[in-house]
Amino acid sequence: MNPLLFILFSQTASWFTVIQGQYDWGVTYSSTEICALKGSTVDMSCTYRYPSTVKRVENKFWFTKESNGVYVDLRTDPEYSGRVQYNCGNNDCTLRITDLRESDSSEYKFRFITTQPEWKYTGSPGVTLRVTDLQVQVSTSVTYTYSYQAELKCHSSCLLPGRLRYVWYKNGQIIQGQTSDSYYSDSFTPTISFSCAVEGHENSRSPPLYAPQLPSVSVSPSAEIVEGSSVTLTCSSDANPAANYTWYKKNGDPDLQPLSKEPQLVFSSIQSSDSGEYYCTAENELGTRTSEYISIDVTYAPRLPSVSVSPSAEIVEGSSVTLTCSSDANPAANYTWYKENYKLLQSPEGSYYFTSISSEDGGNYSCKAQNQYGQNSSSLFIDVQYAPRLPSVSVSPSAEIVEGSSVTLTCSSDANPAANYTWYKENEDSPKASGQIFTITDIRAEHSGNYYCEAQNRRGRHNATLQLIVTIMKCNLNTVTEKHSVSQTFQITTEAEQDDLHYASVRFSKSQTDPVYSNIRPAGHHRHKEGEEEEEVEYTAVKFTSASAAPRSRGPETGEDSSALYSTVNTQNR
């Protein structure tokens, strides 16, 4: 047994009886508590006694483990293999453990077994062993630009007796001239370490003291990070004393606020806004080191797309128009444009182009943004504005019109925005009416003429012309004046089709069952021979034209219509 070592690490050096067994059975330990340094050697001693009637001690051993009445002899315990020795006499036994480890800290007990009769006896309580390291502690430190100046102390949690001498080491090498004092002062950089030992027990050297090494950072899970999942960032650095950690997110702010002062930065439900670069610092009394950046890329489904149209002002037919769709997504979304649920285009850019938009392109459009994590869609309405189309004009009633009745002219045109309508009569400055419908009441001959309807909006205008001819003729029979007919013709023309004329003629008579379309003009008077009774005869020449036929050219000699059918009507008094 090494006397110095025993004195150095024993809390109590006196022998005393721990157990006094009945009938003079017992075990006495030399010390009940021992504190020893890691790597050193320790001795634990005891004496034991038993009645004189016992002839022989058959077995004796030290143990720390017991299970179901089974005691494990330290000599057979693999954790102590090669490190345990017994030195036992007739009534004493000493346990020596070499190369102590912190795991050797435990309560040690001695047990002996006798025969005639058989007795088994354990001394309890036993010896409590505490194994600890020498530690280099930082008493004070001053920070410089590239280093720290620190005062160190070699310390043990064990109560060490007397005035001991210490050995100091720098990067594992003895510092000459520094043997004796438990204090030492020097400068530190990240590449320097210091340790100490009790002189004569250099094998029990303290763990080296050093500033934090370059921290390593990791992320869990290491696979793809999906929004809403739990993510943990871990920072670790080899340092003694142990480092304190601080987490930051890189954002260009020189006065960054720490996110966490723990080794781990935990996102219980990570969001897209958490994407970015992170780093940590490791710091102890001897220095600070900063890790490299670790990048977090959070994947997520497309957000609600933003849809827009360019130009953003009113859209005019024939112009170039672009529809744009964009959505925040990771990975980037693919875009599909639809019109009224009809698929138009799929592309990663999200734009749809009209080189010359038409009125038929107006309507509801929607854009779908999609990636492998989901989809989202938004819609917009396109209103294409255009000038009025060629107006359509009509007259009502389309059947026979009786003099004095009402005639309604109607005009309509496709336009966006909706057209305003104005009716004009040729050679008159003031408009006759506004609105789609123009009604002439109590129609007369003076209402004849060309009327045109103008459809107008802020994008343009278009005209259509209607020719209305009202002719009223009289016949004098037997000195009684009678109204025979009213003839009405209207002709419709347009700006775009001035040569394409449409004719219609209407004849009204008192008793004729079949309408005859005619122009009526008086014939010359004819008298009989002398002596015969003279009668006043009025002749009428009637010109018949087809109501549906287009106008024909006049004959080359007479200048009259070659297709016309003429008839002379002789009306006589009998």
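As a reminder, the structure under discussion sits directly above these lines.
Structure report, in brief. If you're wondering where the values come from, they're calculated on a predicted model, not measured in any experiment. (Residues numbered from 1 in each chain as written. Predicted model: local features only at pLDDT ≥ 70, side-chain atom pairs only at ≥ 80, totals over all residues. Heavy atoms only, no water.)

**Here we look at the overall build of the chain**
- Counting secondary structure elements, the chain contains one helix and 47 strands.
- Out of the 574 residues in the chain, the part that is buried amounts to 39%.
- Contacts in the chain between residues far apart in sequence, at least 24 positions, make up 58% of those at least 6 positions apart. (Helix = DSSP H or I, 4+ residues; strand = E, 2+ residues; numbered from the N terminus. Buried < 20%, exposed > 50% of the residue type's maximum accessible area, 1.4 Å probe, protein only. Contact = heavy atoms within 4.5 Å.)

**Here's the deal with the sheet that holds strand β30 (residues 334-339)**
- Sheet architecture is open: four strands sit in the order β31-β30-β33-β34, paired in antiparallel fashion. Two strands bound the open sheet, and with one partner strand each, they are β31 (342-347) and β34 (374-382). Averaged over all neighbouring strand pairs, the angle between strand axes comes to 20 degrees, with direction disregarded. (Pairing = 2+ DSSP bridges. Axes fitted to C-alpha atoms, helices over the stretch in contact; angles between N-to-C directions.)

**Things to note about the environment of Glu 199**
- With respect to the secondary-structure elements, Glu 199 resides in the loop between β16 (193-198) and β17 (209-210).
- Residue classification places Glu 199 among the partly exposed residues on the basis of a relative accessible area of 35%.
- For Glu 199 and Trp 168, which are 31 residues apart along the polypeptide, the C-alpha to C-alpha distance reads 9.6 Å.
- Separated by 2.6 Å, the side chains of Glu 199 and Arg 165 make a polar contact. (Polar contact = N/O pair within 3.5 Å; in protein donor to acceptor, adjacent residues only side chain to side chain.)

**Some remarks on the side chain of Thr 281**
- By the element assignment, Thr 281 lies in strand β23 (residues 276-284).
- Not counting chain neighbours up to four residues away, the residues in contact with Thr 281 comprise Asn 244, Tyr 245, Thr 246, Tyr 248, Thr 288, Arg 289 and Thr 290.

**Points about the packing of aromatic side chains**
- Counting across every chain of the model gives 24 aromatic pairs.
- Arranged with centres 6.2 Å apart and planes meeting at 45 degrees, the rings of Tyr 50 and Phe 112 form a pair that is tilted. A residue pair is termed long-range when its members are at least 10 positions apart, and Tyr 50 in the loop between β3 (42-49) and β4 (56-67) and Phe 112 in strand β8 (residues 106-115) qualify at 62 residues.
- Among the aromatic side chains, those forming a connected cluster through ring pairs are Trp 25, Tyr 29, Tyr 48, Tyr 50, Trp 62, Phe 110, Phe 112 and Tyr 121.
- Over the aromatic face of Tyr 71 sits the side chain of Arg 111, whose NZ or CZ is 4.1 Å from the ring centroid. (Phe/Tyr/Trp six-rings, centres within 6.5 Å; stacked < 30°, edge-to-face > 60°. Lys NZ or Arg CZ within 6 Å of the ring centre and 35° of its normal.)

**With respect to the sheet that holds strand β27 (residues 306-310)**
- Taken in spatial order, the three strands line up as β27-β29-β32 in an open sheet, and their pairing is antiparallel. Of all the strands in the sheet, the pair left with one neighbour each is β27 and β32 (351-354). Across this sheet, the average inter-strand angle for adjacent strands is 10 degrees, counted without regard to direction.
- Relative to strand β29 (residues 321-326), β27 runs antiparallel, the two being bridged by five bridges. The partner of Ser 306 across the bridge, within β29, is Ser 326.

**What to know about the state of the cysteines**
- Per the counting criterion, the structure on display carries six disulfides.
- Between the sulfur atoms of Cys 88 and its disulfide partner Cys 93 the distance amounts to 1.8 Å.
- Cys 88 gets classed as partly exposed once you look at its relative accessible area, which sits at 32%.
- Overall, Cys 93 belongs to the buried group, its relative accessible area being 0%.
- There is a disulfide in this structure between Cys 235 and Cys 280, and the S-S distance comes to 1.9 Å. Of note, the bridge from Cys 235 to Cys 280 carries an S-S torsion of about 65 degrees and is right-handed in sense. Of this pair, Cys 235 sits in strand β20 (residues 231-236) while Cys 280 sits in strand β23, and the two are 45 residues apart along the sequence.
- Each bonded cysteine of the chain is numbered by sequence order, and under that numbering the disulfide pairs are 1-5, 2-3, 4-6, 7-8, 9-10, 11-12.
- Just so you know, Cys 46 is unpaired, no disulfide at all, and the nearest cysteine sulfur is the one on Cys 93, 5.8 Å from it.
- The class for Cys 46 is buried, based on a relative accessible area of 1%. (Disulfide = S-S within 2.5 Å.)

Honestly, that's just the spatial picture; any functional story needs more than this.
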